[in-house]
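Each chain, written out:
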Amino acid sequence: MSLEEMQSNLFSEALEQSYRVQIEEFEGPLDLLLHLIKKNEVDIYNIPIAAITRQYLDYMEIMKELNLDIAGEFLVMAATLLQIKSRMLLPATPEEDGDAEVEDPRAELVRRLLEYQRYRDASQMLNCRNLLGREVFARKFDSPELGELEPVDEPADVELFELIEAFQKVLARVSVDTFHDVVADGISIADRIGEVLSVLHAEKTVCFDSLFNTGMTRDLLVVTFLSILELCKLKLIKVVQMENHGSIWLHLAASEEEESDGEGEGEAKAEAKGADVEDGNNDL
Amino acid sequence: MSGKSLKGIVESILFVHDQPLTLDRLAGILEEYDRADLRAALDELIEDYDTAERGIVLIQVAGGYQLRSRPEHGDYIRRLNKTKGVKFSQSALETLAIVAYRQPITRAEVEYLRGVDSGGVMKSLLEKKLLRIMGKKDVPGKPLIYGTSREFLELFGLKDLNQLPSLKEIQELVPPDPFADQPALPLGSAVTTDSAPVADSVPPVESLDSIDSPESIEG
Amino acid sequence: MSGKSLKGIVESILFVHDQPLTLDRLAGILEEYDRADLRAALDELIEDYDTAERGIVLIQVAGGYQLRSRPEHGDYIRRLNKTKGVKFSQSALETLAIVAYRQPITRAEVEYLRGVDSGGVMKSLLEKKLLRIMGKKDVPGKPLIYGTSREFLELFGLKDLNQLPSLKEIQELVPPDPFADQPALPLGSAVTTDSAPVADSVPPVESLDSIDSPESIEG
């Protein structure tokens, strides 16, 4: 039989209509196979593999005809069916004859179908239960009697997935780039502080953006930003913006002399510490 | 029991609590009472509510006790809320059923059993908190393993996983205890078009019998 | 009143409604019933609940009807309140997630990632023992570095930090269609082998027979 004949056969049999209505319903190849077995009223333990395979392939043809995306799983199953069919055509080899148990080529498929059927039945059972929010309802609100909730330090009810989701949200806000799970052992904040400071010593004033080059790794961008934060905190630099949404400029907070005789109250220690770092880095 | 009836006190607490209340929790709240008395009060309440006359039922669900509206009255309540109620796709139900009966289970195993890619539906069930990640399987590749959540039990009105009717009861079945020993799924050889000789590494069909254990649990 | 008791239906509706329910509203929901019958059902319910034995009362309030816990049991209900577990706030969850995935990490780094001050939430997580201080970072200012605790692992049911799923694993749940670029199988040519009649007449194998068919068990 030629392919053309096959196809004309196919569509002459009003198969198209019978399948078309069902076409979206199948969850996958196993679902489709169970449907074919039921429709043909054949024994699942003794599947007429040629007939079922033919109908399965017909169905896929119709899917193609209707320009539906055929999921890869359907193709894999088609290949499996064809392979089973061809194995059943082969005579048993002498070696296999010697074997006490020669398994039916269909056995694996039957096992999968039976198992799938069980879970499909189980899913129907689940769907038949009285579902919260469908048949039954609970009081899902705080009773007025409860009054104000007092905060309690008790481990709350939280799932791991929520934790991952929360982290995903953070990363989505920070950037769309992949955030490596392990921070690369690149430049440290201390080193970067030194670099930023030496640029500032040379230039006096630096555009914020110029410290972030497009070629930088994400880690370096983070480290640079943290360095700037650290320098601000240590009051070693000043950050100014001339106009709304204008460029941000960084410049050294004070001249070297002022720094050395700085006798500020609370900040004195921090400044001294910062100065140490600055000096140390300047030495490099 | 003086003045106030313990049953009434327990009823009050159940009424204002918006989640299933465990006996432990109740015992913690009502420290001055015996656990046995609390349990008796709960049992009595379940009986009191168990008449078609009532609009409320007290059930055991997700390890605790919860007052819920009578299932037969769902229609009227949906009128009140103007909702059609939750609805599940076949793929979501299938995936839930598989995870419920075979947990802990990996995604690859779910997909082998369903015969289709299930990442999308599993993610959506995770987002709905019906599935949860239980950790990683100690096999090469360390795949994530999944199980059902407390919300799953609440949604389907199950006291615990053992209350799931065994697959045997549903039709022809799989172990009621989802944690019982199960044969490993023949992943790898299965989904692919295995060209290995017949009856090579494939387990015999009888192995299905070995995972069936009869069990009578009320559904 | 037939089959379902109207009183029960009204009780269901009162039970799930979070606000006082007016007679008008009730009549709107239960259109098929007489107003007089509805009023009678409400009156009966008020009476039913009006015994010290019960933990719930039905009262008329703010122009409607509402179920409430019995006022005399207020003390017990407040105890419930005190032990009510709190849900994690989004900020706590975010902070916990950042520390879990980026530990060891300083507060400044957490705040950079979150974009907001996180001192308060980190302190509260430390108090809850979900975070711990791992030491000081060898950078200017010697900031404290944080990590997650054993209690964190317990909360999420993890054996160790290696069990923490990576972001990649979650993203991979919904992968791009791996078959998208695959050429179609040569199905057409395969179909032609169909003319062989052999396969259909092969008898079932014994091993398969040994499984009871579903029909024989059903019922």
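Report on the accompanying structure. (Residues numbered from 1 in each chain as written. Chains lettered and ligands numbered in written order. Predicted model: local features only at pLDDT ≥ 70, side-chain atom pairs only at ≥ 80, totals over all residues. Heavy atoms only, no water.)

Topic: the pattern of salt bridges
And step 1. Counting across every chain of the model gives 39 salt bridges over all chains.
And step 2. Between Glu44(C) and Lys7(C) there is a salt bridge whose closest N-O contact spans 3.4 Å. With Glu44(C) in helix H3 (residues 35-49) and Lys7(C) in helix H1 (residues 6-16), this pair connects stretches of sequence that are 37 residues apart.
And step 3. Of the residues examined, Glu44(C) reaches a relative accessible area of 41% and is grouped as partly exposed.
And step 4. The buried category is assigned to Lys7(C), whose relative accessible area is 15%.
And step 5. In this structure, a network of salt bridges that share partners links the residues Glu162(A), Lys129(B), Arg150(B), Glu151(B) and Glu154(B). (Salt bridge = Lys/Arg side-chain N within 4 Å of Asp/Glu carboxyl O. Helix = DSSP H or I, 4+ residues; strand = E, 2+ residues; numbered from the N terminus. Buried < 20%, exposed > 50% of the residue type's maximum accessible area, 1.4 Å probe, protein only.)

So, the sheet that holds strand E3 (residues 105-106) of chain B
Residue and element names in this part refer to chain B.
And step 1. Across the sheet, three strands lie side by side as E3-E5-E4; this open sheet has antiparallel pairing. Of all the strands in the sheet, just E3 and strand E4 (131-136) have a single pairing partner and so form its edges.
And step 2. Strand contacts of helix H5 (residues 90-102): E3, E4 and strand E5 (144-148), with the helix running at about 100 degrees to E5, the strand carrying the most contacts. (Pairing = 2+ DSSP bridges. Contact = heavy atoms within 4.5 Å. Axes fitted to C-alpha atoms, helices over the stretch in contact; angles between N-to-C directions.)

So, the environment of Tyr112(C)
And step 1. Examined against the element boundaries, Tyr112(C) turns out to sit in helix H6 (residues 107-114).
And step 2. Once you skip the residues sitting within four places of it in the chain, Tyr112(C) turns out to touch Val174(A), Val222(A), Phe225(A) and Leu226(A).

Notes on the sheet that holds strand E4 (residues 131-136) of chain C
Strand pairing within a sheet occurs via backbone hydrogen bonds; the two strands may be parallel or antiparallel.
Residues and elements named next belong to chain C.
And step 1. As summarised here, the arrangement of the three strands in space is E3-E5-E4, forming an open sheet in which the pairing is antiparallel. With partners counted over all chains shown, the strands left at the sheet margins are strand E3 (105-106) and E4, one partner each.
And step 2. Note that E4 and strand E5 (residues 144-148) share five bridges and pair antiparallel. The partner of Ile-133 across the bridge, within E5, is Tyr-146.
And step 3. Helix-sheet contacts for helix H5 (residues 90-102) involve E3, E4 and E5, and the interaxial angle to E5 is about 95 degrees.

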